[in-house]
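Close look at the chain arrangement
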Amino acid sequence: MIEYFGQIFVLFGINVILASSLNVINGYCGLFSLGHAGFFAVGAYSSAAFTTLIAPEWTAQSPHLALLVSSLIAMGTAGIAGLAVGIPCLRLTGDYLAIATVGFGEIIRIVFLNMDVVGASRGMPGIPRLTTIPWVIVGAAFTLIILNNLIKSSFGRCIKSIREDEIAAQAMGVNVRFYKTFSFVVGSLFAGLAGSLFAHNQEFLHPSNFVFMISVSVLLMIVLGGLGSQKGAVLGAFIVTLLPELLRLNEFVSQIRMLVFGLIMILVMLVFPEGLLGLLKKGSLKNKFFKKAKNEPGFSGAPL
Amino acid sequence: MIFSELLQYLINGLSQGAVYALIALGYTMVYGILKMINFAHGEFYMFGAYMGFVGLSVLGLPFWAAIPFVIVTTGLLAVLVERFAYRPLRGANRIAPLITALGVSIVLLELMRVTAGAQPRAFPQALDNVTWELGETLGILQDVYVQRNQLVILGLSLFFMGILRFIVMKTPMGRAMRALSVDFDASRLMGVPINRVVAFTFFLGASLAGIAGIFVGMYYNQIEPYMGQLAGLKAFTAAVLGGIGSIPGAVLGAFTLGICEALVVGYGESSYRDAIAFGILIVMLMFRPWGLLGTPERVKV
C-alpha cells in the first residue's frame, strides 16, 4: 500500500514538472504546443541510454550521481530537440503551430519506434530504478523555483506581452522570435528532466508511453488548473494524477474510468473554461451565476 | 517490371487516398466554417466502421443498404456531439473547443471500447472479393494485381465526393455553408440559420468519415476501437496538405498522401510509413502553410 502511494506520488511529481514546463510555452507565451510528449520521450530515452548502455558500471557504483548526470543529459538533449523543433515551427502561429507540434511529437515517437539501439518496438528493459521520492521532490521543487523566477523576470514579462499581443510586443521592441524560441526551449528542457525521472521510475520504456494522448493529458492539466498559473499547473497535475486512481476503487467505474475522464474534460470546458483557479478569482462565481446579463454579447460588441 | 511495380503502388495508393479523402473532407469543412480542429473526427470514422459491422452482421443488411444506415447513424452522432459539446462553446477562446474535441474523442473511443471490447473484430465480407491480375485479364502488364474491393472503394468514394460537390455548389444549404466560411457573423446578420447549417456540416462530414470506416473494414477485414486515432491524424494531415478549408484541396491532399505512403512502403522503409505523413505535413507547413490549394490569410493590426 505504501508502495502504491509512493508510486502515485512519483507520478504526481513528474506530472508537476511536465505541466509547469508546458505552462511556460502554452500558458505564459501563448504558443499552442501539442508535442510535449516528444520532448518527454527524448529526455527519457537519452537518460536511460546513459545509465543502461553508456555507463552501467558507474551507475551501479554511484546511483545518485548517475541519476543527476543522466537528468542533466536528458535536459540537454530535450533542450536541443526543443531548439531543433522550435526554430522551424515557431514561424507558424495558432492552429498551424499546434498541428506542426503534433507532427513533430509523432515523428519523435516513430523514430524511437525504429531505433534499434534503444530496443525499437520491443521496448527498452532493464533501466535501473534510481528515482526515489526525495529525488522527485527535489526535481519538482527545482523546476518550480527556476520557472517561477524566470516568469517573474524580464523574460517572463516579455513572453506574457507576446501572449497578449504579438504585434504590439514587437512594436515595443521585444525580440519576439528570440523569446518564443527561448520559452519553447526552456519548456522542453524541463520535459526532458521529467523524462529522466520517469525512465528511472518505470524501469522499462516503450514508444507507446509517449503517444499523442500524453501531450493531451499534460495540456489538460494546465487547462484544468487555469492557463498561465503555476499554482494551477500543480493543482491540475494533482487532479489528473489522482482522478484515474480514485476511479479505480470501484470495479465498475474502474472499467470506464477513461470514459469518465473524457466526460470531465468536456464538462470542465463547458462549465468553467477559465480553469479551476479561475473560479476562485474574486467574484467570478458570482458573476457566472448572478450577473449573467452583463456578459451577454451585444453590450460589449463593436459600435455599430 | 519497374513500371508494373510503380503501377501496383499507385493502385494501392489511390484506394488508400480515397479513404483519407473521405475523412479529410469532414475536417476541412468544419475548419472552413468554425475555424476549429475537430479532433474527434477520427472517432466518427471508427464509429462508422462499427455501425457498418452492426448493419452487416447484426441486422443482416446487404451492402447497398448498410451504407445509408452508416450515413444516418454516424451523421446523427456528429449532430449530437455538435449540439451538446461544441455549440455551447462557440465564440469562446480557441483553446476550449480544442480541449473539448479531445475529450469527445476520448469519450467516443472509450464508449466503443467498453461496449464492443478492445480486441479487433472480423469485419464481414460484404462483397465477394476478386483479385485480378492485369497480365491475365487485359494481357498488358505482368504482376499487377487489382482487387475488386479497391475499385469499389475508389468508385464509391468518387461518387460520394461528387454528391458532396453537388450539395456544396448547387443547393441552398451548400450556399449557406459557403457563406458561413467566408464570414460567419455577416451570414448570421443576413439571416442564414447558422445552427442548422453547422449541424448539417457536421452531419455531412461525419457521414463521409463513416463511409470511409466501412471501406476500411471491408478492405482490411478487421476493425478495432483504436483505428480512428492515427487515421484521424493522417486525414487531418491530408487536409492541411491540400489547404485546410478547401474542399478540392482536401481531396488532392489525401490522394497525394495515399500515393506517397504507398511509394514509401513499396520502395523504402515500411516502418517509417507513419512518419512520412507527418514529415510531409511539416515541410508543407514550413514553406506553404496555407496548403496546395488554400489561400494565405492576412493578419491585420
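Just so we're clear, the structure is a prediction, and the values are computed from it rather than from any experiment. (Residues numbered from 1 in each chain as written. Chains lettered and ligands numbered in written order. Predicted model: local features only at pLDDT ≥ 70, side-chain atom pairs only at ≥ 80, totals over all residues.)

1. Some points on the overall build of chain B
The number of helices and strands found in chain B is 12 helices and four strands. Against the 2.2 N^0.38 benchmark of 19 Å for 301 residues, chain B shows a C-alpha radius of gyration of 19 Å, consistent with a compact globule. Looking at chain B alone, contacts between residues at least 24 apart form 75% of all its contacts between residues at least 6 apart. (Helix = DSSP H or I, 4+ residues; strand = E, 2+ residues; numbered from the N terminus. Rg over C-alpha atoms; globule rule 2.2 N^0.38 Å. Contact = placed C-beta atoms within 7 Å.)

2. Details of the interface of chain A and chain B
In this assembly, 30 residues from chain A lie in contact with 31 residues from chain B. Elements with a contribution of two residues or more to the side of chain A that touches chain B: α5 (94-113), α10 (212-225) and α13 (257-271) of chain A. Broken down by element, the residue count for the side of chain A that touches chain B peaks at 10 residues, all from α5 of chain A. Its residues placed into classes, the side of chain A that touches chain B shows 24 nonpolar, four polar and two charged. (Nonpolar A, V, L, I, M, F, W, Y, C, P; charged D, E, K, R; others polar.)

3. Quick notes on the packing of helix α7 (residues 172-182) of chain B against helix α9 (residues 194-220) of chain B
The relative placement of two packed helices comes down to the angle between their axes together with the axis-to-axis distance. Residue and element names in this part refer to chain B. Packing of α7 against α9 brings their axes to within 10 Å, and their N-to-C directions diverge by 100 degrees. As judged from the angle between their axes, α7 and α9 are roughly perpendicular. Of the residues in α9, those in contact with M173, A176, M177 and L180 of α7 are I194, V197, F200 and T201. Within the contact of α7 with α9, the residues separate by chemical class into seven nonpolar, one polar and no charged. (Axes fitted to C-alpha atoms, helices over the stretch in contact; angles between N-to-C directions. Parallel < 35°, antiparallel > 145°, perpendicular 65-115°, else oblique.)

4. Overview of the nonpolar core
Residues and elements named next belong to chain B. Counting residues in hydrophobic clusters, the biggest one holds 189 residues, and the most contacted among them are L22 and A24. Ranked by residue count, the leading element in this core is α9, at 15 residues. Every residue in contact with L22, bar those within four places of it in the chain, is listed here: S157, F160, L208, A209, I211 and A212. (Core = buried A, V, L, I, M, F, W, Y, C linked by C-beta atoms within 7 Å. Buried ≥ 20, exposed ≤ 12 C-beta atoms within 10 Å, placed from the backbone.)

5. Considerations on the environment of N38 of chain B
One can find N38 of chain B in the loop between α1 (2-34) and α2 (41-58). With 29 C-beta atoms counted inside 10 Å, the residue N38 of chain B sits in the buried group.

6. Overview of the confidence of the model for chain A
Low-pLDDT portions of the prediction should not be read for the details of their coordinates. Put simply, chain A has an average pLDDT of 85, and 91% of its residues get 70 or more. The low-confidence segment residues 290-304 of chain A, where pLDDT is below 50, has two contacts with residues more than four positions distant or belonging to other chains. (pLDDT = per-residue confidence, 0-100.)

7. A few points about the packing of α2 of chain B against helix α4 (residues 95-116) of chain B
All names here are of chain B. Packing of α2 against α4 leaves a shortest axis separation of 9 Å and a crossing angle of 25 degrees. It follows that α2 is roughly parallel to α4 by the angle criterion. Between α2 and α4 the crossing geometry is left-handed. The residues of α4 that touch α2, namely those facing G42, E43, M46, F47 and Y50, are S105, L108, L109, M112 and A116. (Left-handed = near helix turned anticlockwise from the far one by under 90°.)

8. Details of the environment of R248 of chain A
Residues and elements named next belong to chain A. Of note, R248 is situated in the loop between α11 (230-247) and α12 (251-255). By the C-beta count within 10 Å, which is 12 here, R248 ends up exposed. Through-space distance from the C-alpha of R248 to that of I2 is 17 Å; in sequence the pair is 246 residues apart. Contact partners of R248, with chain neighbours within four places excluded, come to S254 and R257.

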